[in-house]
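Chains, contacts and geometry: an overview
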Amino acid sequence: PAPPGGGPLRRTPPGPARSPPSRPVVAMDPTVKNQLIQRVQRYFLEFLENFRLKNEDGSFGDLYYLEQATKMIQEGKRTLYVKIEHLEQVDPAAISFEPPVLRHVIELKYMMVRDALNAAVPQLLGKLQGVEIEEEVRKAREDDEMKFAAAFYDLETFSGIRDLRTDRLGKLQAICGTVTRTTEVKPELLVGTFQCNECNREVSGVVQQFKVTQPAVCPTRNCGNRSNWTLMGESRTTRWGDWQKIRLQENENEVPNGAMPRSIDVIVRDENCDLCKPGDKVMITGSLIVVPDVPSMMNPSELKTTARRSLNTRSDAAYGGGEGVRGLKGTGNRDLTYRLSFFGTFVRENADWGSGSSGPSENIRSDEKLYLSPADKDKFRGISLHTGPGGKKDCFDVLARSVAPQIHGHLEVKKGILLMLIGALPKKTDEGIKLRGDINVLLLGDPATAKSAMLKWTSVFLPRGIFASGKTSTAAGLTASVVRDMDLDQEKVIQPGALMLADNGICCIDEFERMDAKDQTAIHEAMEQQTITLSKAGIQATLNARTSILASALPKNTYYEADLPLHKNCELTPPIMSRFDLMFVMQDIHDEPNDEAVADHILNLHSLGVTEATSRSDLTLNSVELQRYIRLARTFRPKVTPEAQQRLVRCYKKLREDRTYVRGACGVTVRQLESLIRLSEAIARVHLDDKVTEQYVTMAFELQLNTLKRAERENIDLEDDEAGAEEQAGAAGAAAGAGGGAG
């Protein structure tokens, strides 16, 4: 069972770790070391057997870790998750040791006692009672006795990647960062059994040291074999494990001014493999280790002849060194180069990836089950049923005002961003053709209309939000490129681009009109089919890019000219324009009352800060509440009613007939009908409704039309000619009001 996520952590200050008063450094006596390891194993097992969670009334609950071990065996898992705080919260009357001392030893000497801690897990399983459980435990211990592990989580502090130094070697610590690259999962030989090819004697228990380590000499008398061995891969005493290397880069907020972000290699094994993808922000608990840079990890063709010759001969004089005595120059090249790596035992998504101030954030695109408190449920239900002064439901407006609260006005644009965050239902036809559910939005606006601020807010609102700039982005940088990996014998690997990293998220592209035409065509496929197809360097691959695109662009002549149609105002090709579901024109209109309101808002922001300036009412949601509401809304799967279906057809027909509504040089295409369906489903989700009604279709249609902010646009009548005359007049007035209210 995966452990629950913890609260916010505080960062370990850079510099040396806390340590007891300094003493002369002496190597630990082997006898003392063995005693320490045995005691740690005994005390840790005692803790696991006796720990009970404390209830609110002060009484103790059930045996926590025995229950978790039972679930672990039933689910076929091999890792027991231990919360580090529990080591000190155990009832002192039930144990025979000092809890703080055990925690101190585990944190300080983790790599030394790790095997003992892991060995306590199968011992704990032996204490489980029940016929079925005992049989399952017996089978598991026969097959995977050495794969059981204890993983610690929720450490109080975490270290920055930049602060990892050799004084922290072997200690238990947590690090945070963004995954930039992962290798495939590979088998790793941990303990080998070898057969001597001359006398057929088997030698077992040969522990591997980061490269294939063979027995030094055959133990049979008069054999003396030193090099002629065969690995017994199928033997019971040979232990294989899964192994994966993750490249972790430090987060943007940890990089000092003027410095480049640092990276570190993280090695994970068995159940921790494939838990994260490139682009994830994760927290990893484990220990810092030193890995030798051995030339045998390279390809023989890359090795210099000197290094290759020194590999084939033993440098140890006891075995008859091949080249006699050599100086440091001969050995230093090979034996004195090491690099730091991190051995990860527990990987989880970092809850503090958000904008920071409000503590842990919610991932709105998470597939995990959502748990809400009764107070939150009542509040969200109240918002979804809220009615405005005119007696109409205004839940859509209330939620839109919570989007980017530091930006004044632009309610229509905020509605579009809210619909993009919530999204529609992705569908799949019987033939296997996928219809996208993600909504793409384009902001076409004058300078200083808060376009980039909207994009920046959206990119930090969800963990897989990527911010890219059009001028500095290339086709390969946005989609994917093929590079040679130095660590993997010059093997070709796919380097993910911005759209792949934003898979199941949002990619915000600023200055979209500055992109080269050949780079813009690279995202055609990603915007409609939501895949990226690569055919280069001998690699043919189709990669997922299920992402929404939020793009901002300047008009052709800097300011939007209302007397020209939309496609004459922007330098975008018709295929790209038809792929955007919503296109907002943000004009900088000179309007005295509006200018005064904007100036007041900006001054309040500078003097009071965001929370006071946005004058929160009971209905305005903060960032975390909005994330929870969106997660709740995304659990609904609305169906289109027959009335809404007729309304959708009527809307589409009117759009096609109307010659004044020219949406780009390509006019109105079938894609606009699909956009209407997507927007209607998203609006139904906003209202927490299981049905797409006629009312939601009308709202989607109005939003799609009002995106152009054109006061002089002719009104499109949806009703029958004789029935809708008065509605036509009212709607024309509303359209005129919408056109004048840009701000």
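Criteria and thresholds
Residues numbered from 1 in each chain as written. Predicted model: local features only at pLDDT ≥ 70, side-chain atom pairs only at ≥ 80, totals over all residues. Heavy atoms only, no water. Helix = DSSP H or I, 4+ residues; strand = E, 2+ residues; numbered from the N terminus. Buried < 20%, exposed > 50% of the residue type's maximum accessible area, 1.4 Å probe, protein only. Contact = heavy atoms within 4.5 Å. Areas by Shrake-Rupley, 256 points an atom, 1.4 Å probe, with all protein chains shown as cover. Axes fitted to C-alpha atoms, helices over the stretch in contact; angles between N-to-C directions. Parallel < 35°, antiparallel > 145°, perpendicular 65-115°, else oblique. Left-handed = near helix turned anticlockwise from the far one by under 90°. Nonpolar A, V, L, I, M, F, W, Y, C, P; charged D, E, K, R; others polar. Pairing = 2+ DSSP bridges. Patch = residues over 30% accessible without salt bridge, like charges linked within 9 Å, V, L, I, M, F, W, Y side chains within 5 Å. Salt bridge = Lys/Arg side-chain N within 4 Å of Asp/Glu carboxyl O. Lys, Arg positive; Asp, Glu negative; His and termini not counted. Charge placed at Lys NZ, Arg CZ, Asp CG, Glu CD. Polar contact = N/O pair within 3.5 Å; in protein donor to acceptor, adjacent residues only side chain to side chain. Core = buried A, V, L, I, M, F, W, Y, C linked by side-chain atoms within 4.5 Å. Phe/Tyr/Trp six-rings, centres within 6.5 Å; stacked < 30°, edge-to-face > 60°. pLDDT = per-residue confidence, 0-100. Disulfide = S-S within 2.5 Å.

**With respect to the overall build of the chain**
The secondary structure content of the chain amounts to 25 helices and 27 strands. By the burial criterion, 45% of the 743 residues in the chain qualify as buried. For the chain, the proportion of contacts with a sequence separation of at least 24, taken over those separated by at least 6, is 73%. For the chain, the accessible surface area stands at approximately 37,900 Å², while carbon and sulfur atoms represent 50% of it.

**A short note on the packing of helix H2 (residues 64-74) against helix H6 (residues 131-144)**
In a packed pair of helices, the relevant descriptors are the angle between the two axes and the axis-to-axis distance. Contact pair H2 / H6: the axes reach a minimum separation of 10 Å and the direction vectors enclose 65°. In terms of orientation, H2 and H6 fall into the roughly perpendicular class. Like other packed secondary-structure pairs, H2 and H6 cross with a definite hand, here left-handed. Residue-level inspection shows Thr70, Ile73 and Gln74 of H2 in contact with H6, the latter providing Ile133, Glu136, Val137 and Ala140. Of the residues belonging to the contact of H2 with H6, the class tally is four nonpolar, two polar and one charged.

**Observations concerning the sheet that holds strand S17 (residues 441-445)**
Ordered by their spatial adjacency, five strands build an open sheet running S18-S21-S24-S17-S25, and the pairing between neighbours is parallel. Each edge of the open sheet is held by one strand with a lone partner, namely strand S18 (465-469) and strand S25 (582-586). Across this sheet, the average inter-strand angle for adjacent strands is 15°, counted without regard to direction. Here S17 runs beside strand S24 (residues 548-553); their pairing, made up of four bridges, is parallel. Paired with Val441 across the two strands is Leu550, which belongs to S24. Running at roughly 155° to S25, helix H11 (residues 411-422) makes contact with S17, strand S21 (506-510), S24 and S25 of the sheet. Across the face of the sheet, helix H12 (residues 451-461) comes into contact with S17, S18, S21, S24 and S25 while running at roughly 155° to S21.

**Here we look at a negative patch on the surface**
Residues Asp588, Asp591, Glu592, Asp595, Glu596 and Asp600 make up a contiguous surface patch of negative charge. For Glu596, the position within the fold is in helix H19 (residues 592-608).

**Things to note about the side chain of Arg579**
If you trace the backbone, Arg579 turns up in the loop between helix H18 (574-578) and S25. One buried charged residue, Arg579, remains without a salt bridge, the closest side chain of opposite sign being Glu528 at 4.7 Å. A polar atom in the side chain of Arg579 sits 3.0 Å from the backbone oxygen of His524. Residues within four places of Arg579 in sequence aside, it is in contact with Arg436, Asn440, His524, Met527, Glu528 and Arg671.

**Focus: the nonpolar core**
Core analysis: the biggest nonpolar cluster contains 59 residues, and Leu399, Leu418, Leu419, Leu421, Leu443, Leu550 and Leu626 have the highest contact counts within it. Element by element, the count of residues in this core is highest for H11, at seven residues. Not counting residues within four places of it along the chain, the set of residues in contact with Leu419 comprises Phe396, Ile439, Leu679, Ala682, Ile683, Val686 and Leu703. Tyr65, Met72, Leu117 and Ala120 belong to the second-largest nonpolar core, a separate cluster that totals 38 residues.

**Some words on the environment of Ile364**
Positionally, Ile364 belongs in the loop between strand S14 (338-349) and helix H9 (374-384). We classify Ile364 as buried; its relative accessible area is 1%. Once the C-alpha coordinates of Ile364 and Val624 are considered, the two residues, 260 residues apart in sequence, prove to be 9.8 Å apart. Leave out the neighbours within four places in its chain, and Ile364 touches Leu421, Phe461, Leu462, Gln627, Ile630, Arg631 and Arg634.

**Points about the packing of aromatic side chains**
Applying the stated rule across the entire model yields 14 aromatic pairs. Each ring, one from Phe44 and one from Phe152, has its centre 5.9 Å from the other, and the planes form 50°; the classification is tilted. You can see Phe44 sitting in helix H1 (residues 30-50) and its partner Phe152 sitting in strand S5 (residues 149-153), a full 108 residues away along the chain. Judged by its relative accessible area of 0%, Phe152 is buried. Centroid distance Tyr81 to Phe346: 5.6 Å. Interplanar angle 70°. Geometry classified as edge-to-face.

**Some details on the pattern of salt bridges**
Inspection of the entire model under this criterion finds 24 salt bridges. A salt bridge links Lys83 to Asp154; its shortest N-O distance comes to 3.7 Å. Taken together, the positions of Lys83 in strand S4 (residues 79-83) and Asp154 in the loop between S5 and strand S6 (157-158) put the pair 71 residues apart, joining distant regions of the chain. Given the relative accessible area of 21%, Lys83 is considered partly exposed.

**Some remarks on the pairing of S5**
Taken across its five residues, S5 has four buried, putting it largely inside the fold. As judged from the five bridges shared by S4 and S5, these two strands associate in the parallel manner. What sits directly across from Tyr81, in S5, is Ala151.

**Focus on the confidence of the model for the chain**
Summarising the model, the chain shows a mean pLDDT of 78, and 80% of its residues fall at 70 or more. Scored below 50 in pLDDT, residues 15-25 makes four contacts in the model with residues more than four places away or belonging to other chains.

**Let's talk about the state of the cysteines**
Across all of its chains, the model carries zero disulfides by this definition. Cys508 takes part in no disulfide bond, and the closest cysteine sulfur, belonging to Cys507, lies 6.8 Å away.

**Some words on the packing of H11 against H12**
At a closest axis distance of 12 Å, the pairing of H11 and H12 adopts a crossing angle of 25°. One way to sum up the angle between H11 and H12 is to call them roughly parallel. Two packed elements cross with a definite hand, and for H11 against H12 that hand is right-handed. Contact with H11, carried on its side by Val413, Lys414, Ile417, Met420 and Leu421, involves Met454, Trp457, Thr458 and Phe461 of H12 and no other residues of that element. Of the residues belonging to the contact of H11 with H12, the class tally is seven nonpolar, one polar and one charged.

**Description of unusual backbone geometry**
A positive phi is found at Asp270, a non-glycine position, where the angle reads about 50°. The residue Asp270 is located in the loop between strand S12 (263-269) and strand S13 (281-292) in this model. The phi angle at Ala448 is positive, at roughly 60°, despite the residue not being glycine. Examined against the element boundaries, Ala448 turns out to sit in the loop between S17 and H12.

**Concerning the environment of Tyr43**
Here Tyr43 is to be found in helix H1. Along the primary structure Tyr43 and Ser96 are separated by 53 residues, whereas in three dimensions their C-alpha atoms are 7.8 Å apart. With residues up to four places along the chain from it excluded, the contact list for Tyr43 reads Ser96, Phe97 and Leu102.

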